[in-house]
Amino acid sequence: TNHIQAAGDEAKDDAAAHFVFVPLMAQGHIIPAVDTALLLATHGAHCTIVATPSTAARVRPTIDSARRSGLAVSLVDFPLDYAAVGLPDGMPGGADNMDNVPPEHMLAYYSAIALLSGPIKTYLRVHAPRPPTCIVSDFCHPWTRELASSLGVPRLSFFSMCAFCVLCQHNVERFNAYDGVPDPNEPVVVPGLEKRFEVTRAQAPGFFRGWPGWEKFADDVERALVEADGVVMNTFEEMEPEYVAGYAAARGMKVWTVGPVSLYHQHAGTLATRGDTASIDADDCVRWLDDKEPGSVVYVSFGSIVHADPKQVMELGLGLEASGYPFVWVVKGAERHQAAALAFLRELEARVAGRGLLVWGWAPQALILSHRAAGAFVTHCGWNSTLEAVAAGLPVVTWPHFTDQFLNEKMAVEVLGIGVSVGVKEPVVFQVDHKDILVRRETVEAAVRSAMDGGEDGEERRRRARELAVKARATMSEGGSSNANIRDLVRCFQVGATQEQDATE
Ligand code: UDP
């Protein structure tokens, strides 16, 4: 049975927009989707977020606290029917989130998600307290085309990515950039942009391209993007105006930039529970940071999906230790590590006690980054993490692994000028054991020193990062473009609004 929290029964405004969010069940997608819903609700909209059960459980505290503060948001969860996609025994460990689905079952996972269309439709037709006025679908869910059309409502594509990345991915496909380039690691220039950026097919193949067996899915994703009624993106215009405009022009549709959505959270309480229950006590964490000099702490995290290679874990730890700076390192759960790496981490933890804090699980990342002690962020360049660094005014050490992360690294280093790269050129996808160490301890140490100190260049990067943070706050406030876009969405999708005219204004 579904866990249903009915919301919006005591609607303040019968004509208010009702957005139904269909996020990808991955932390990097559902976290910004929830924040976007909360921002829209703050401006008078009703929002329903659909999720799978164990993924919903992670964001329920955030939704509950928003409901208590009077926002019309609800979270509805639907179990996946794995038997229907050829997994009669279900997913190992009952997984329903990208961070615990085994890679070999990924296509089955996406197929099971697509089967939610029926139950979601029934819920919205029969049980929801009010009919939807708009579907906000993660761009990874092409099946929401049919969902939206059968409900007779418009559909927006949601990207937890920057416009620079999405436009580059679009252009390499549109202009066949890799035609006649057999080597997936040979750099080509991204076509159709004013500035020159080089990427490889391995780094930026286009969405869902280059994975055997996913060809039809990739085509469906593209078709769903073409047929969408607009785009919602977690980025902001003042940071990348040419790429936001470029993507809107390339697609011929309105792009509502609404970020950085993490800035919805202004209080330690909601920051601490964002995305999941943190595995360290938020007060202890803040006290630990309070003891450190302003701008002195290096925060190290590789997001929710990256699996650590044991040799690389040790090398990174030694590099951090050698850098001499205080650090917070999110190492995820102990069960994620092989014995040797685990023993290494326990020893390191004891050696650096007081100076280095290891987080064994989920970290209250946005809380840590916004603390004045934070000085730099060693990141895998997931877009949320990158944008959270921007919102916090921090330079980044960039260490991309896969998907959009190489383009986000370019965004940080070449577009924004706030990043120092560790120099990884080839993606590693879902691999735990690599033959070689990709990034040596000396490289980690040098990159961290460069971000934290780095003389004139380092000062420039910090200055640019601080400037971006000021712009990020401004865009979310009265008069800023993200703030205006959030209001515009609420207006455009209220009952009886004529989207066709509004959306193409
Ligand atoms: N995050 C967090 N604590 C963690 C790990 C991740 O709060 O221990 C959050 C992080 O702040 C970001 C999201 O999870 O909002 C990860 O998204 P991102 O795009 O950076 O990376 P992904 O996990 O998608 O690779």
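The preceding data block contains the structure.
Residues numbered from 1 in each chain as written. Predicted model: local features only at pLDDT ≥ 70, side-chain atom pairs only at ≥ 80, totals over all residues. Heavy atoms only, no water.

> Account for the overall build of the protein, naming residues and giving values.
Scanning the protein from N- to C-terminus turns up 19 helices and 15 strands. Relative to the 2.2 N^0.38 estimate, which gives 23 Å for 505 residues, the radius of gyration of the protein is 22 Å and therefore close to what a compact globule would have. The principal-axis extents of the C-alpha atoms in the protein amount to approximately 60 × 55 × 55 Å. Across the protein, the fraction of contacts at a sequence separation of at least 24, relative to all contacts at a separation of at least 6, is 73%. Put simply, the protein has 44 plus and 63 minus side-chain charges, and the middle of one group is 1 Å from the middle of the other. (Helix = DSSP H or I, 4+ residues; strand = E, 2+ residues; numbered from the N terminus. Rg over C-alpha atoms; globule rule 2.2 N^0.38 Å. Contact = heavy atoms within 4.5 Å. Lys, Arg positive; Asp, Glu negative; His and termini not counted. Charge placed at Lys NZ, Arg CZ, Asp CG, Glu CD.)

> Can you break down the side chain of Asn-171 residue by residue, with the values?
Tracing the sequence through the fold places Asn-171 in helix 6 (residues 163–174). Overall, the relative accessible area of 1% leaves Asn-171 in the buried class. Side-chain polar atoms of Asn-171 contact the side chain of Arg-174, separated by 3.2 Å. Non-local contacts of Asn-171, meaning those with residues more than four positions away in its chain, are made with Asn-176, Val-190, Pro-191, Gly-192 and Leu-193. (Buried < 20%, exposed > 50% of the residue type's maximum accessible area, 1.4 Å probe, protein only. Polar contact = N/O pair within 3.5 Å; in protein donor to acceptor, adjacent residues only side chain to side chain.)

> How would you explain the pairing of strand 5 (residues 155–159) if you had to name every residue and give the values?
Of all 5 residues making up strand 5, 5 are buried, and the element is well covered by its neighbours. Burial along strand 5 is two-sided: Arg-155, Ser-157 and Phe-159 and Leu-156 and Phe-158, pointing in opposite directions, are all buried. With 4 bridges connecting them, strand 4 (residues 134–138) and strand 5 associate as parallel partners. Each residue of the ladder has a partner; that of Asp-138, found in strand 5, is Phe-158. (Pairing = 2+ DSSP bridges.)

> Quick one: what's the story with empty space enclosed by the protein, residue by residue and with numbers?
With a probe scaled to a water molecule rolled over the atoms, the places where space remains empty come into view. One pass over the structure, following the stated rule, counts 6 cavities of 30 Å³ or more. Along its surface, the largest cavity is lined by Val-166, Gln-169, His-170, Glu-173, Phe-207, Ala-218, Val-221, Glu-222, Leu-225, Tyr-247 and Arg-251. Breaking the lining of the largest cavity down by element, the ones donating at least two residues are helix 6, helix 7 (215–226) and helix 8 (241–251). Looking at the lining of the largest cavity residue by residue, the classes come out as 6 nonpolar, 2 polar and 3 charged. (1 Å grid on protein atoms, 1.4 Å probe; cavity = no way out; pocket = protein on both sides within 12 Å on 5 of 7 lines; lining within 4 Å. Points joined across faces, edges and corners; volume = space filled by probe spheres on them. Nonpolar A, V, L, I, M, F, W, Y, C, P; charged D, E, K, R; others polar.)

> Can you explain the environment of Val-330? Please cite residues and give values.
One can find Val-330 in strand 11 (residues 327–330). For the pair Val-330 and Ser-301, spaced 29 residues apart in the sequence, the C-alpha separation amounts to 5.1 Å. With residues near it in sequence (within four places) discarded, Val-330 still touches Tyr-299, Val-300, Ser-301, Val-359, Gly-361 and Ala-363.

> Which residues make up the packing of aromatic side chains, and what values go with them?
According to the stated counting rule, one finds 22 aromatic pairs in the structure shown. Here the aromatic residues Tyr-109, Tyr-110, Phe-139, Phe-159, Phe-207, Phe-208, Trp-211, Trp-214, Phe-217 and Tyr-247 are joined through ring pairs into a cluster of three or more. Above the ring of Trp-360, the side-chain terminus of Arg-346 is found at 4.2 Å from the ring centroid. (Phe/Tyr/Trp six-rings, centres within 6.5 Å; stacked < 30°, edge-to-face > 60°. Lys NZ or Arg CZ within 6 Å of the ring centre and 35° of its normal.)

> Break down the sheet that holds strand 15 (residues 419–421) for me, citing the residues and quoting the values.
Spatially, the 6 strands line up as an open sheet ordered 12-11-10-13-14-15, and their pairing is parallel. Each of the sheet's edge strands pairs with one partner strand only, and the pair in question is strand 12 (356–359) and strand 15. Pairs of neighbouring strands in the sheet enclose a mean axial angle of 20°, with direction left out of account. (Axes fitted to C-alpha atoms, helices over the stretch in contact; angles between N-to-C directions.)

> Describe the sheet that holds strand 8 (residues 231–233), listing the residues and the values that go with them.
Strands sit in the order 3-2-1-4-5-8-9 across an open sheet of 7 strands; the sheet is parallel. Sheet topology places strand 3 (73–77) and strand 9 (255–257) at the edges, where each strand pairs with a single neighbour. When the angles between neighbouring strand axes are averaged without regard to direction, this sheet yields 25°.

> Requested: an account of the state of the cysteines, with residues and values cited.
Tallied over the entire structure, the rule returns 0 disulfides. No disulfide involves Cys-47; its nearest neighbouring cysteine sulfur is the one of Cys-134, lying 9.6 Å away. Accessibility expressed as a relative area gives 1% for Cys-47, which makes it buried. As a non-bridged cysteine, Cys-165 has Cys-162 as the owner of its nearest cysteine sulfur, 5.2 Å distant. (Disulfide = S-S within 2.5 Å.)

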